[in-house]
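Residue strings, one per chain:
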Amino acid sequence: MTDLILTTFDWVPEAPRGYVRDLRVRWALEEAGLPYRVNSVPFRDRGSDHFSHQPFGQVPWLTDGDISIFESGAILLHLGERSSKLMPTEPCGRSDMTQSGSPTISERRLSHEKAIA
Ligand SMILES: N[C@@H](CCC(=O)N[C@@H](CS)C(=O)NCC(=O)O)C(=O)O
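Along each chain, residues carry numbers from 1 onward, in the same order as the chain's sequence is written. Given that this is a predicted model, residues contribute local features only at a pLDDT of at least 70 and side-chain atom pairs are listed and counted only at 80 or more, while totals for whole chains, interfaces and linings are drawn from all residues.

1. Quick notes on the sheet that holds strand β3 (residues 61-64)
- When DSSP locates at least two bridges between a pair of strands, those strands are taken to pair. Each helix corresponds to a stretch of at least 4 residues labelled H or I by DSSP, and each strand to a stretch of at least 2 residues labelled E; elements are numbered beginning at the N terminus. Reading across the sheet, the four strands line up as β2-β1-β3-β4 and stay open at both edges, with mixed pairing between neighbours. Only two strands of the sheet have a single neighbouring strand rather than two, namely β2 (36-41) and β4 (67-70). Geometrically, the sheet is characterised by an average inter-axis angle of 25° between neighbouring strands, direction not taken into account.
- In this structure, β3 lies alongside β4, joined through four bridges in antiparallel fashion. Across the sheet, D64 pairs through a bridge with I67, a residue of β4.
- A pair of residues counts as a contact when their C-beta atoms, built from backbone coordinates, are within 7 Å of each other. Axes here mean lines fitted to C-alpha atoms, for a helix over just the part in contact, with angles spanning 0 to 180 degrees between N-to-C directions. Relative to strand β1 (residues 4-9), helix α1 (residues 22-32) is tilted by about 155°, and along the sheet it contacts β1, β2 and β3.

2. So, the nonpolar core
- Put simply, a nonpolar core is buried Ala, Val, Leu, Ile, Met, Phe, Trp, Tyr and Cys residues tied into one set by C-beta atoms within 7 Å. With C-beta atoms placed from the backbone, a residue is buried if 20 or more other C-beta atoms are within 10 Å of its own, exposed if 12 or fewer are, and partly exposed between those counts. By size, the foremost hydrophobic cluster in this structure holds twelve residues: L4, L6, V25, A28, L29, Y36, V59, W61, L62, I75, L76 and L79.
- Mapped by element, the contributors of at least two residues to this core are β1, α1, β3 and α3 (72-82).
- Discounting chain neighbours no more than four positions away, the residues touching I75 are V25, P60, L62 and I69.

3. As for the packing of α1 against α3
- Where α1 contacts α3, the axes come no closer than 9 Å and their chain directions differ by 10°. Classified by the angle their axes make, α1 and α3 are roughly parallel. Of the residues in α3, those in contact with R24, V25, A28, L29 and A32 of α1 are S72, I75, L76 and L79.
- All residues other than Ala, Val, Leu, Ile, Met, Phe, Trp, Tyr, Cys, Pro, Asp, Glu, Lys and Arg, Gly among them, are scored as polar; the first ten of these are nonpolar and the last four charged. The residue makeup of the contact of α1 with α3, split by class, is seven nonpolar, one polar and one charged. The scheme is simple: roughly parallel for angles under 35 degrees, roughly antiparallel for over 145, roughly perpendicular for 65 to 115, oblique for anything else.

4. What about the site of the ligand?
- Taken together, the residues surrounding the ligand are V20, R21, G57, Q58, V59, E71, S72 and G73.
- In terms of residue class, the shell around the ligand is made up of two nonpolar, four polar and two charged. We count a residue as near a molecule or strand when its backbone-placed C-beta atom lies within 6 Å of that partner.

Structure below.
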């Protein structure tokens, strides 16, 4: 049984389709080979449970057992602690990972993600 549940919207308007930030989390989960499942929440009708996981009413968020974490950059760092494929244990590799993840965390994501797509 998997502990990791990634939550995203059940639907998004056409313009952001393919750019929703659950993509970066899915990518990391796949790279790491961590088992997970995807849960969806309504885009149009965001309930109090949604806001209890993501206070801005956005996606994604990840639950890992009792932990619920939002902000895609924070989720990636969390997953890095679960997999040395994502976050090497030795200092050089860790700083490389932190450095290449910084554009994502600092929200320069669309140009960065388009450039490597
Ligand atoms: N900084 C947040 C941004 C989250 C975000 O902007 N999510 C978008 C989808 S990519 C969203 O939920 N948009 C719907 C809205 O803001 O109403 C993160 O990286 O997780």
